[in-house]
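# Reading the structure
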Amino acid sequence: MKDFTHFDGHGNARMVDVSPKAETRREAVAAGEVRINEETYRLIRSGGCKKGDVLTVAQIAGIMGAKRTPELIPMCHPILISGVQVELRLEEAPCRVEIQATVSCTGQTGVEMEALTAVSAAALTVYDMCKAVQRDMVIDRIRLLHKSGGASGTYERKAEEA
């Protein structure tokens, strides 16, 4: 097992020095979901939520979350992100909002945390916009699906784990 990189030899927290790393094209894809009830599903689908278009606002929140990741996660490097795509899909059976985020850059460190933060921010926004009609929503299964670039190469989550 690899050592944790965010601690020095004395156990103190540190930000990893990525300056020796080569710049490469990097991409990460993350996903998650918000489990909702039928009433919330119908409100989102019909556009009947009082706060507005839930899926569009959550999409924008996800993009903003990816861009603000180093402000939220203490040891994340500020990265010049090349692109962020956040997709939300309403599923009827079982009722849920599925979220997927893809983040890319050319840089010295990966964008996994940015993709995961995008999904998290989008999911939290769905919750915030719908909490007036349902308080027992569940944000679930936030996970990395894919990452490529850098010295560690490509990671693909196995289909049975996806």
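Everything discussed here concerns the structure shown above.
This section reports on the structure supplied with the text. Keep in mind it's a predicted model, so treat the numbers as computed, not measured.

### Description of the pairing of strand β2 (residues 81-91)
In summary, the side chains of a regular strand alternate between the two faces of the sheet. Summarising the sheet, β2 and strand β3 (residues 96-107) pair through 10 bridges and their orientation is antiparallel. In the strand pairing of β3, Ile 81 is matched with Cys 105. Two successive antiparallel strands, β2 and β3, enclose a turn made up of 4 residues.

### So, the packing of helix α2 (residues 54-67) against helix α4 (residues 112-130)
The N-to-C vectors of α2 and α4 enclose an angle of 145°; their axes lie 7 Å apart at closest approach. Note on packing geometry: the crossing formed by α2 with α4 is right-handed. Of the residues in α4, those touching α2 at Val 54, Val 57, Ala 58, Ala 61, Gly 62, Gly 65 and Ala 66 are Glu 114, Thr 117, Ala 118, Ala 121, Ala 122, Thr 125, Val 126, Met 129 and Cys 130.

### What to know about the nonpolar core
Counting 30 residues, the largest nonpolar core has Val 34, Ile 36, Ile 44, Val 97, Ile 99 and Val 126 as its most contacted members. Counting residues per element, the ones that place at least two in this core are β1 (24-35), α1 (38-46), α2, β2, β3 and α4. By residue number, the principal contributor to this core is α4, which donates 8 residues.

How each quantity is defined
Residues numbered from 1 in each chain as written. Predicted model: local features only at pLDDT ≥ 70, side-chain atom pairs only at ≥ 80, totals over all residues. Heavy atoms only, no water. Pairing = 2+ DSSP bridges. Helix = DSSP H or I, 4+ residues; strand = E, 2+ residues; numbered from the N terminus. Axes fitted to C-alpha atoms, helices over the stretch in contact; angles between N-to-C directions. Left-handed = near helix turned anticlockwise from the far one by under 90°. Contact = heavy atoms within 4.5 Å. Core = buried A, V, L, I, M, F, W, Y, C linked by side-chain atoms within 4.5 Å. Buried < 20%, exposed > 50% of the residue type's maximum accessible area, 1.4 Å probe, protein only.

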